Amino acid sequence: MGSGYSKMKKQQKAMQAQMESMQKALEEKEIVGVSEGELVKVTVTGTKSIKKITINPECVDKDDVEGLEDLILSAMKDAEEKAGSDTGMGDMGPMGNLF
């Protein structure tokens, strides 16, 4: 186990540190998904964890709860799509498929 092994271990540690840094950046990144008319906004992290839901009072109608549910779902789907395309994982080549 000569210098080749040491070099490989250093590369492995550097790659691990880079992956941890990328993971932290994803956890800190905020993406906002919106429904039609921006009546509902859903804020998620780069790892797609929901952080916040904002509902415009204009769209709250006790006789149309289903409509509000549809708006929330629409905003969540938008946020999920944006999180998938905004994370930069596509730049990692084959490793991007791991996430």
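Our focus in this paragraph is the overall build of the protein chain. The helix and strand tally for the protein chain stands at two helices and three strands. In sequence order, the protein chain lays out its α and β elements as α-β-β-β-α. Relative to its 99 residues, the protein chain shows a buried fraction of 23%. A fraction of 47% describes how many contacts in the protein chain between residues 6 or more apart in sequence connect residues 24 or more apart.

Structurally, Lys48 can be placed in the loop between strand 2 (40–45) and strand 3 (50–55). Separated by 34 residues in the primary sequence, Lys48 and Lys82 have C-alpha atoms spaced 9.6 Å apart.

What follows deals with a negative patch on the surface. A cluster of acidic residues, Asp61, Asp63, Asp64, Glu66, Glu69 and Asp70, forms a negative patch on the protein surface. Within the secondary structure, Glu66 sits in helix 2 (residues 65–86).

Let us look at the pattern of salt bridges. Tallying each qualifying case throughout the model produces four salt bridges. Lys51 is the partner of Glu30 in a salt bridge, and the nearest nitrogen-oxygen pair spans 2.9 Å. Here Glu30 is found in strand 1 (residues 30–34), whereas its partner Lys51 is found in strand 3, with 21 residues between them in sequence. Look at Lys51 and you get partly exposed, because its relative accessible area is 48%. The partner of Glu38 in a salt bridge is Lys41, with the nearest N and O atoms 4.0 Å apart. For Glu38, a relative accessible area of 48% translates into the label partly exposed.

Turning next to the pairing of strand 3. Direction of pairing for strand 2 relative to strand 3: antiparallel, over a ladder of five bridges. Residue pairing across strands places Lys41 opposite Thr54, the latter belonging to strand 3. Hairpin connection of strand 2 to strand 3: four residues between the antiparallel strands, including Lys48 at a positive phi of 70 degrees.

For Glu38, which is not glycine, the phi torsion reads 55 degrees and is therefore positive. Structurally, the position occupied by Glu38 is in the loop between strand 1 and strand 2. Positive phi values are uncommon outside glycine, yet Lys48 reaches one of about 70 degrees. Overall, the relative accessible area of 42% leaves Lys48 in the partly exposed class.

The next subject is the confidence of the model for the protein chain. Mean pLDDT over the protein chain works out to 84, with 84% of the residues at or above the 70 mark. The model gives residues 90–99 a pLDDT under 50, and that stretch makes nine contacts with residues more than four places away or in other chains.

Reading guide: rules and limits
- Residues numbered from 1 in each chain as written.
- Predicted model: local features only at pLDDT ≥ 70, side-chain atom pairs only at ≥ 80, totals over all residues.
- Heavy atoms only, no water.
- Helix = DSSP H or I, 4+ residues; strand = E, 2+ residues; numbered from the N terminus.
- Buried < 20%, exposed > 50% of the residue type's maximum accessible area, 1.4 Å probe, protein only.
- Contact = heavy atoms within 4.5 Å.
- Patch = residues over 30% accessible without salt bridge, like charges linked within 9 Å, V, L, I, M, F, W, Y side chains within 5 Å.
- Areas by Shrake-Rupley, 256 points an atom, 1.4 Å probe, with all protein chains shown as cover.
- Salt bridge = Lys/Arg side-chain N within 4 Å of Asp/Glu carboxyl O.
- Lys, Arg positive; Asp, Glu negative; His and termini not counted.
- Charge placed at Lys NZ, Arg CZ, Asp CG, Glu CD.
- Pairing = 2+ DSSP bridges.
- pLDDT = per-residue confidence, 0-100.

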